[in-house]
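Structural description and commentary
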Amino acid sequence: MKKKVSVSFLSSKDIIDDLLEIDSTTADYVHVDVMDGRFVKKKFLPFKILNKLSYVLRKRFDVHLMVNEPIKFIEQYATLNTEFITIHVELGEIDNYIDLIKSYGIKVGLSIKPDTDVSVLNNYLDKIDLILIMSVEPGLGGQKFIEEATARIEKVKKMIGNRNILISVDGGINSDTISNVSKSDIVVSGSYIVCSDNFEEKINSLR
Ligand code: DX5
Ligand code: ZN
């Protein structure tokens, strides 16, 4: 399967302009980082702007919730053109959130921070569609790729076995680090693309 590219606009200087530009490329998804200022320090709540633009954007959203209380955000993003809603496994007690996402017919992702033991994912493997392996500490764009992510991808791939679960990787992905994540199905990339002057060229360099 050809690798899919999901473009994060967290580091965008002009969000509207960049979203329109991402939409004109061959990107597979728009990666939507949502931050509540509690699960991570920074706040980034782009729903209003995406809701306004939802009439012109054609790309589907790949929503990454870095929040302590996901319910409100799941309900919001379920009203948009959303393929995946991903919550963090570190929240614990996440079965209700998984069921809520599914109730909207949206695919469920589970994200895992760099220091969390991947074995916690075992409890959920029969209920989810995607695992988002963080290759940086969540909270900021433009950080350096954490090398251990490569081995974590392999470990998670083994755990998944023949289940139908996609592996996505998020943080520090660019043309230098892409070879470290060859086993992933989707790569999330932000600053490498949106801080460049040729989005399409950068996207293609990741496939
Ligand atoms: C980090 C976010 C990432 C980030 C990726 O918390 O989840 O999606 O925007 O950006 P880059 O590619 O700049 O690391
Ligand atoms: Zn993200």
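Our subject is the structure listed above.
So, here's what we can say about the structure. Predicted model only: the values in this text are computed from it and were never measured.

Turning our eyes to something else, we now look at the coordination of the zinc ion (ligand 2). Looking at the zinc ion (ligand 2), the protein donor atoms are His31 (NE2), Asp33 (OD), His64 (ND1) and Asp170 (OD), and they sit 2.1 to 2.3 Å from it. Around the zinc ion (ligand 2), the six donor atoms sit at angles spanning 72 to 170 degrees, and that spread fits a shape best called octahedral. Within one chain, the residues serving as donors to the zinc ion (ligand 2) are arranged as H-x1-D-x30-H-x105-D. Placement of the pair is Asp33 in strand S2 (residues 29-36) and His64 in strand S4 (residues 60-66), with a sequence separation of 31 residues. The exposure class of Asp33 is buried, given its relative accessible area of 5%. With a relative accessible area of 0%, His64 lands in the buried category.

A separate point is the packing of aromatic side chains. Summed over the entire model, instances satisfying the criterion amount to three aromatic pairs. Ring centres of Tyr29 and Phe84 lie 5.4 Å apart, and the angle between their planes is 75 degrees; on these two criteria the pair is classed as edge-to-face. Pair noted here: Tyr29 is in strand S2 and Phe84 is in strand S5 (residues 82-88), with a separation of 55 residues, a long-range link. When sorted by exposure, Tyr29 lands in the same class as Phe84, which is buried. Here the aromatic rings of Phe47 and Tyr77 are separated by 5.4 Å at their centres, their planes lie at 85 degrees, and the arrangement is edge-to-face. Taken together, the residues Phe47 in helix H2 (residues 47-53) and Tyr77 in helix H3 (residues 71-77) connect sequence positions 30 residues apart. Phe47 gets classed as buried once you look at its relative accessible area, which sits at 15%. For Tyr77, a relative accessible area of 0% gives the class buried. Positioned over the ring face of Phe39 is Lys113, at 5.1 Å from the centre of the ring.

Turning to the site of ligand 1, a few remarks are in order. Close to ligand 1 lie 20 residues; Gly139, Gly142, Asp170, Gly190 and Ser191 are nearest. At a separation of 2.7 Å, an oxygen atom of ligand 1 approaches a polar backbone atom of Gly139. Within the backbone of Gly142, a nitrogen or oxygen atom sits 2.7 Å from an oxygen atom of ligand 1. Protein contact buries 99% of the 380 Å² of open area that ligand 1 shows by itself. Among the secondary structure elements, those contributing two or more residues to the shell around ligand 1 are S2, S4 and strand S9 (186-189). Partitioning the shell around ligand 1 into residue classes produces seven nonpolar, 11 polar and two charged.

Our next topic: the side chain of Lys59. Checked against the element boundaries, Lys59 lands in the loop between H2 and S4. Despite its burial, Lys59 pairs with no opposite charge, the nearest such side chain being Asp23 at 5.6 Å. Separated by 2.8 Å, the side chain of Lys59 and the backbone oxygen of Thr25 make a polar contact. Once residues within four sequence positions are removed from consideration, Lys59 is found in contact with Ile22, Asp23, Thr25, Thr26, Ala27, Val30 and Asn81.

Moving on, we come to the pairing of strand S1 (residues 4-8). A large share of S1 lies buried, amounting to four of its five residues. Both S1 and S9 contribute to a ladder of four bridges, which runs parallel. What sits directly across from Lys4, in S9, is Ile186. Alignment of S1 against S2, held across three bridges, turns out to be parallel. When the sheet's bridge partners are listed, Val7 is paired in S2 with Val30. This β-α-β element, S1 to helix H1 (residues 15-23) to S2, shows right-handed connectivity.

What counts and what doesn't
- Residues numbered from 1 in each chain as written.
- Chains lettered and ligands numbered in written order.
- Predicted model: local features only at pLDDT ≥ 70, side-chain atom pairs only at ≥ 80, totals over all residues.
- Heavy atoms only, no water.
- Donors = N, O, S within 2.8 Å, 3.2 Å for Na, K, Ca; no water.
- Tetrahedral: all angles 85-135°; square planar, octahedral: opposite > 155°, others 65-115°.
- Helix = DSSP H or I, 4+ residues; strand = E, 2+ residues; numbered from the N terminus.
- Buried < 20%, exposed > 50% of the residue type's maximum accessible area, 1.4 Å probe, protein only.
- Phe/Tyr/Trp six-rings, centres within 6.5 Å; stacked < 30°, edge-to-face > 60°.
- Lys NZ or Arg CZ within 6 Å of the ring centre and 35° of its normal.
- Near = heavy atom within 4 Å.
- Polar contact = N/O pair within 3.5 Å; in protein donor to acceptor, adjacent residues only side chain to side chain.
- Areas by Shrake-Rupley, 256 points an atom, 1.4 Å probe, with all protein chains shown as cover.
- Nonpolar A, V, L, I, M, F, W, Y, C, P; charged D, E, K, R; others polar.
- Lys, Arg positive; Asp, Glu negative; His and termini not counted.
- Salt bridge = Lys/Arg side-chain N within 4 Å of Asp/Glu carboxyl O.
- Contact = heavy atoms within 4.5 Å.
- Pairing = 2+ DSSP bridges.
- Right-handed = clockwise from strand over helix to strand, strands pointing away.

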